[in-house]
Amino acid sequence: MQNQLFEAALGIAKPWYVRGVDFDPARKVLTISIDFVAGSRFAAPGVEGLHRVHDTQTKRLRHLNFFQHECYLEVRTPRVKLPDGRVVQIEPDWFGKLSGFTLLFEALVLAMAQQMTFAAVARLVDESWHRVHAICSHYVDLAVAEADLSKVAAVAIDETACRRGHDYLTIAADAAERKVVFVTEGRDARTIARFAEHLATHKAQPEQIATVSIDMSPAFIRGVADHLPKARITFDKFHVVAHASAALDQTRRLEQRREPGLKGLRWTLLKDRQRLSAEARADLDALISQAATKRTARAWLYREGLRAILDRKQINVVAAMLKQWCTNVLRSKVAAMKEVARMVRRHFDGIVAWTQTRQTNGFIEALNGLFQAAKRKARGYTRFATMRTVLFLIAGKLDFSRISPHAADPFQIQ
C-alpha cells in the first residue's frame, strides 16, 4: 500500500513501479527505489518497435523534497539492444534534461531562478551554485534554440555594462512582445550582424525588421544600415531629451561659477516641473523669469521646447518645428545646447520617425536596471554565458513548457 501511494505521488505508471522506500532519519533523506516489470520491452527514439532489455544501470536522481526531507529516486534503467546491434539507454519521460535530476526538480529550480539569484536558489534546494546554473543555462539554451522569431517586426537594441571597465553586452528585444530575443558580447556594428544571423536561424529574415529603436551610437547606426536593410531607425524622445538635460546641467555648472545662486538647483532643473514641490516650483519660476540674462534659464526653456515638440504626433509639424528649434538654438549663446541642436540635425530623420513609430528603448532601459540589481545581489557575474542566462530568465519570456511539461507549474504533478 505504501509503495502504491508513492507511485501515485510520483506519477509513475507501468511498466515502472516503486520497489521500496527507505528513510534515513539521521540524514533526513528519503530514497525511493524504482524498477520496471520483468520481461518489459521498450521503444527506442527513432527506431520502430519494442526492444528487449540488454542490461540495466541504476541511476540516482534528485527529486522534489517530501515535506522538509531531501528525496532521491534510485531508478533501475534498462539498456535495450536494437536490430542493428546497437545498445542504447532508455530513460522514462520524467528523467530530467541534466543527469542527476528529475524533470520536476529542474522545473522548480527554473521557476525560482527567475525570481532570485543562483546562490539563493542553491541554498534553498541544498545544491551547488554550479549545478543550479547548469540547469538554468541548459534550459535557456534549449528554449532559445527553439524560439520562433518569424513574427518579429519591431526591435529595440541597446547595450548594458557587464563588467567594470569597458565590457558591454548588446541586447535585442522584440518591441511588440517586450521580451529579449538576442544577447551578444560587444556594442559595435558586428553585434547587429550577429543579430541578423540569429534571425536567419530562427525562422526569420533580416528584411522583415521594419523598425528599430537604438541610441545614437554610430556603430549601431552603421550596423542597422548594413544588416537590417529595410529597418527604419527611430531615436526615441527620451534619449533626445536626455541629451538636452545633460546640456542644461552643463550650462548650470558653468554659469554657477559667477552666479552662486544657481547652486543647489540641479534637481529642480532636471525634474519635470509638475513633480516639484511648491517651493521648488517657485525657485524655478524665479529663475525662468531671468531668461534674458541667465543662460541656464534659456537652456531650460530650450529643453522644454524640445520636449513639447516631440510630444506632437503630426510628422510634418514636428519636422518644421524641430528645424526651427535647431535654428533658434544655434543662434543663441548657450554653447552646450548648440551641441544638442547639431546632434538633432545629424540624426534628424530618426528623431522625427519617433512621431510615427512611438517606439522606445524604455523596456530595455528598465531591464538594464533589473539586471544591474541582480548583479549586485549576486556580487557580480563575471562570465558572459552566465549574464546571458540571467537576462533571458529575467526578460526572455521563454516557453520552457515545450521542453518540460512541468515548467509552467513545477508544483503540479501531471
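Everything here concerns the structure above.
Residues numbered from 1 in each chain as written. Predicted model: local features only at pLDDT ≥ 70, side-chain atom pairs only at ≥ 80, totals over all residues. Heavy atoms only, no water.

Section: the pattern of salt bridges
For step 1, the next point in the chain: Within this structure, the stated rule accounts for 23 salt bridges.
For step 2, the next point in the chain: With its nearest N and O atoms 3.7 Å apart, the salt bridge here joins K294 to E259. You can see K294 sitting in the loop between α9 (278–288) and α10 (295–310) and its partner E259 sitting in the loop between α7 (237–255) and α8 (266–270), a full 35 residues away along the chain.
For step 3, the next point in the chain: Judged by its relative accessible area of 12%, K294 is buried.
For step 4, the next point in the chain: The exposure class of E259 is partly exposed, given its relative accessible area of 28%.
For step 5, the next point in the chain: One salt bridge in this structure joins E304 and R307, with 3.2 Å as the shortest N-O distance. Placement of the pair is E304 and R307 together in helix α10, with a separation of three residues, close to one helical turn.
For step 6, the next point in the chain: Here E304 falls in the partly exposed class, since its relative accessible area comes to 23%.
For step 7, the next point in the chain: When its relative accessible area of 19% is taken as the criterion, R307 is described as buried.
For step 8, the next point in the chain: Via salt bridges that share partners, D249, R252, R253 and R266 belong to a single interconnected network. (Salt bridge = Lys/Arg side-chain N within 4 Å of Asp/Glu carboxyl O. Helix = DSSP H or I, 4+ residues; strand = E, 2+ residues; numbered from the N terminus. Buried < 20%, exposed > 50% of the residue type's maximum accessible area, 1.4 Å probe, protein only.)

Some remarks on helix α11 (residues 315–330)
For step 1, the next point in the chain: Taking 1.5 Å per residue, 16 residues should reach 22 Å; α11 reaches 22 Å between its end C-alpha atoms and fits that length.
For step 2, the next point in the chain: Listed in full, the buried residues belonging to α11 are V318, A319, L322, W325, C326 and V329. The arc enclosing the buried residues of α11, seen along the axis, measures out at 125°, which places them on a common side. Relative to its buried face, α11 has exposed residues pointing more than 90 degrees away, namely N316 and K323.
For step 3, the next point in the chain: Buried residues belonging to α11 abut α10, α12 (335–346) and α13 (348–357). (Expected span 1.5 Å × (residues − 1). Arc of directions from axis to C-beta. Contact = heavy atoms within 4.5 Å.)

Side note on the packing of α10 against α11
For step 1, the next point in the chain: Running from amino to carboxyl end, α10 crosses α11 at an angle of 170°, the nearest separation of the two axes being 10 Å. Judged by the angle between their axes, α10 and α11 are roughly antiparallel. For the crossing formed where α10 meets α11, the hand is left-handed. Along its contact with α10, which presents Y302, G305, L306 and I309, the element α11 presents V318, M321, L322, W325, N328 and V329.
For step 2, the next point in the chain: Considered class by class, the residues forming the contact of α10 with α11 number eight nonpolar, two polar and no charged. (Axes fitted to C-alpha atoms, helices over the stretch in contact; angles between N-to-C directions. Parallel < 35°, antiparallel > 145°, perpendicular 65-115°, else oblique. Left-handed = near helix turned anticlockwise from the far one by under 90°. Nonpolar A, V, L, I, M, F, W, Y, C, P; charged D, E, K, R; others polar.)

As for the side chain of R298
For step 1, the next point in the chain: Within the secondary structure, R298 sits in helix α10.
For step 2, the next point in the chain: Here R298 sits buried without a salt bridge, and the closest side chain of opposite charge, E255, lies 6.5 Å off (N-O distance).
For step 3, the next point in the chain: Of the polar contacts made by the side chain of R298, one reaches the backbone oxygen of A291; its length is 2.9 Å.
For step 4, the next point in the chain: Once you skip the residues sitting within four places of it in the chain, R298 turns out to touch A291, A292, T293 and V334. (Lys, Arg positive; Asp, Glu negative; His and termini not counted. Polar contact = N/O pair within 3.5 Å; in protein donor to acceptor, adjacent residues only side chain to side chain.)

Regarding the environment of D148
For step 1, the next point in the chain: Tracing the backbone through its elements, the reader meets D148 in the loop between α4 (129–146) and β8 (154–163).
For step 2, the next point in the chain: The exposure class assigned to D148 is partly exposed, which follows from its relative accessible area of 42%.
For step 3, the next point in the chain: Taking the C-alpha atoms as reference points, D148 and E207, 59 residues apart in sequence, are found 16 Å from one another.
For step 4, the next point in the chain: With residues up to four places along the chain from it excluded, the contact list for D148 reads H202 and K203.
For step 5, the next point in the chain: At 2.7 Å, the side chain of D148 forms a polar contact with the side chain of S150.

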